[in-house]
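Here is what each chain is made of, one letter per residue.
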Amino acid sequence: MLACLLPRRFARGVAFLLSVAGALPLSAQFTGFEADELGVFDRTRANLNGTDLNNRGDLVGFAIGSSGSPTVSFVYRDGAYTNLGTLTDGRSSYAYGINESGQITGYSFVRNGLNQTFASAFVYQDGTLTNVGIGLASRGLAINNAGTIAGLVQLDPGQREQGILIGTNPSSQTPVDGLDATANSRFLAINSRGDAVGFSGVSGSTIRPVLYTNGTLTDLGVPNGVSSEAIAINNAGTILIRNMTDPDLARKGYLFRDGTFTDIGHLGGNDTRPAGLNAQGYVVGYSRQADGSVRGFVYTPDGGMQNLESLFQNNALVTAGYVPGSFGPFAINDNNQIAGIGTFTDAFGEHDRLMLLTPIAIPEPETYALILIGLAAAAASRRLRRKRR
């Protein structure tokens, strides 16, 4: 409509600018992040571990105390921490996954009739922790938006661990045999379609990343001959795989899609440890730099790997006592928010805190178009004024 108010030659110019603006290549890399520290959960438990982040910005994890004190699970939501409690009073609990409705899964230690302690999977919802475990021991490690939990189970004493899917609505349990009946296996992630990924041992061979879909367990292969695990899968079917061990500390991370492995690279060194994947196929984790130091990274398929700390845009972390180089990301959501752990120093000493990075917005093509239209209109106005003189 604005072009109709301009002289014809400028209208043509605006049309051209609009076409150019629509074709402007946006940066495939992030330009910066606002980095916020989320306060202290429990000063008696300095060892903080974050595990998952949903699209609402809720974070879960667990905090390890001094020797003899229990580990406790938490959720950070709406600016506050909540202790999830335990299935049995005084026993440790570990939160590992959260979905979009706020359901949380993990595991807590309980006692059986023989006074033996074992882990049992739980689901946390609306302030209540519910035992959903079966067998001798079980662990919930991820939960999708349908409330299906992926994890592991040991059905009987002396039996191997195997992957399991636990439905919470309705209740169901589906243990899944691994690639080898004599080796351990487990599921580490599950998407909204119910596809689960993890790893399976194979007797006399490397540990293999696996995909379970439609009742079938598939060996995804080992890209570089090193034992590997599949740790995340998005709804598009992209799978994040990482090496589990390497004697030369030359571990790699891969994206797997349509039968193809893509090496996500490193920050200049020879060791990469991916941790999280989002819907766009972006990856976070940590990687070794050329000087041997380790830094958190974000990876985009079109832009490659970036050092996250180099993208911090606010100075509040300095006054909060942030220790440079300590940020370790563990998850990225579909809004490109990144959750991680940083080390801070204050009057009480050195301790870990949760951190949440929010990307600084990059203008969309429409925004560029409006800017160009404004510039064109200003130029047209100046020319009209000159003609009237």
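Please refer to the structure higher up on the page.
Predicted model, so just to flag it, every value in this text is computed and none were measured. (Residues numbered from 1 in each chain as written. Predicted model: local features only at pLDDT ≥ 70, side-chain atom pairs only at ≥ 80, totals over all residues. Heavy atoms only, no water.)

Novice: Just checking my understanding: could you explain the pattern of salt bridges for this structure?
Specialist: If the charged atoms of two oppositely charged side chains come close together, the side chains can form a pair. Inspection of the entire model under this criterion finds 14 salt bridges. Glu229 serves as the salt-bridge partner of Arg242, at 2.9 Å between the closest nitrogen and oxygen. On the criterion of sequence distance, the pair formed by Arg242 in strand β19 (residues 239–243) and Glu229 in strand β18 (residues 228–233) is long-range, its members being 13 residues apart. The same class applies to Arg242 and to Glu229, which are both buried. Between Lys252 and Asp263 there is a salt bridge, with the nearest N and O atoms lying 3.3 Å from each other. Residue Lys252 is located in the loop between β19 and β20 (253–257), and its partner Asp263 is located in strand β21 (residues 260–263); the two are separated by 11 residues in the primary sequence. For Lys252, a relative accessible area of 30% corresponds to the partly exposed category. Judged by its relative accessible area of 37%, Asp263 falls in the partly exposed class. Beyond isolated ion pairs, a larger network of salt bridges with shared partners links Glu37, Asp346 and Arg353. (Salt bridge = Lys/Arg side-chain N within 4 Å of Asp/Glu carboxyl O. Helix = DSSP H or I, 4+ residues; strand = E, 2+ residues; numbered from the N terminus. Buried < 20%, exposed > 50% of the residue type's maximum accessible area, 1.4 Å probe, protein only.)

Novice: What is the right way to look at the environment of Thr272 in this model?
Specialist: Within the fold, Thr272 resides in strand β22 (residues 268–277). Owing to a relative accessible area of 1%, Thr272 belongs among the buried residues under this scheme. Residues Thr272 and Lys252, 20 residues apart in the sequence, show an inter-C-alpha distance of 5.1 Å. The contacts of Thr272, once residues within four sequence positions are left out, are Arg251, Lys252, Gly253, Ile264, Gly265, His266, Tyr286, Ser287, Phe297 and Met305. (Contact = heavy atoms within 4.5 Å.)

Novice: Teacher, can you tell me more about the nonpolar core here?
Specialist: Across soluble globular proteins, you tend to see nonpolar side chains buried next to one another. By size, the foremost hydrophobic cluster in this structure holds 20 residues, and its most contacted members are Leu240, Leu255, Ile264, Val283, Phe297 and Tyr299. For this core, the elements supplying multiple residues, two or more each, are β18 and β24 (294–300). Leaving out residues up to four positions away in the same chain, Val283 has contacts with Leu240, Leu255, Ile264, Pro274, Gly276, Leu277, Phe297, Val298 and Tyr299. Formed by 18 residues, the second largest nonpolar core is a distinct cluster that contains Phe327, Ile338, Met355 and Leu357. (Core = buried A, V, L, I, M, F, W, Y, C linked by side-chain atoms within 4.5 Å.)

Novice: Would you mind showing me how to read unusual backbone geometry here?
Specialist: Cis geometry marks the peptide bond from Asn169 to Pro170, where omega comes out at 0 degrees. Examined against the element boundaries, Pro170 turns out to sit in the loop between β12 (162–168) and β13 (171–176). One non-glycine residue, Asp126, adopts positive backbone phi at about 55 degrees. In this fold, Asp126 is placed in the loop between β8 (117–125) and β9 (128–131). One non-glycine residue, Asn214, lies in the positive phi region at around 55 degrees. Summarising the element assignment, Asn214 is placed in the loop between β16 (208–213) and β17 (216–219).

Novice: Any chance you could explain the sheet that holds strand β3 (residues 59–64) here in plain terms?
Specialist: Taking strand neighbours across the sheet as the criterion, the 4 strands line up as β2-β3-β4-β5 in an open arrangement whose pairing is antiparallel. Each edge of the open sheet is held by one strand with a lone partner, namely β2 (47–53) and β5 (80–83). Neighbour to neighbour, the strand axes of the sheet diverge by 30 degrees on average, direction disregarded. Relative to strand β4 (residues 72–77), β3 runs antiparallel, the two sharing 5 bridges. Each residue of the ladder has a partner; that of Gly61, found in β4, is Phe74. (Pairing = 2+ DSSP bridges. Axes fitted to C-alpha atoms, helices over the stretch in contact; angles between N-to-C directions.)

Novice: Just to check I follow, could you spell out the sheet that holds β13 for this structure?
Specialist: What links the strands of a sheet is backbone hydrogen bonding, and the strands pair in either a parallel or an antiparallel sense. If you walk across this open sheet you meet the 4 strands as β10-β11-β12-β13, and the pairing is antiparallel. Pairing within the sheet leaves two strands with one partner each, and these edge strands are β10 (137–143) and β13. Taken pair by pair, the neighbouring strands of this sheet meet at an average axis angle of 25 degrees, ignoring direction. With 6 bridges connecting them, strand β11 (residues 148–154) and β12 associate as antiparallel partners. In the sheet register, Val153 faces β12, and the bridge partner there is Gln162.

Novice: In this structure, what is going on with the packing of aromatic side chains? I would like to understand it.
Specialist: Any aromatic ring pair is given by two values, namely how distant the centres are and how the planes are angled relative to each other. This model, assessed by the stated rule, comprises 18 aromatic pairs. Seen in terms of ring centroids, Phe62 and Tyr96 are 5.6 Å apart; in terms of plane orientation they differ by 40 degrees. Their pairing is tilted. One end of the pair, Phe62, is in strand β3; the other, Tyr96, is in strand β6 (residues 93–98), and 34 residues separate them in sequence. Residue class for Phe62 comes out buried when judged on its relative accessible area of 7%. For Tyr96, a relative accessible area of 26% gives the class partly exposed. Centre to centre, the rings of Phe312 and Phe327 are 5.8 Å apart; their planes meet at 75 degrees, and the pair counts as edge-to-face. Note that Phe312 is positioned in the loop between β25 (304–307) and α2 (316–319) and Phe327 in the loop between α2 and β26 (328–332), a separation of 15 residues in sequence. In terms of burial, Phe312 and Phe327 fall into one category: buried. Residue placement shows Arg139 over the ring face of Tyr107; its charged tip is 4.5 Å from the ring centre. Here the basic side chain of Arg353 rests over the ring of Phe344, its NZ or CZ set 4.9 Å away from the ring centre. (Phe/Tyr/Trp six-rings, centres within 6.5 Å; stacked < 30°, edge-to-face > 60°. Lys NZ or Arg CZ within 6 Å of the ring centre and 35° of its normal.)

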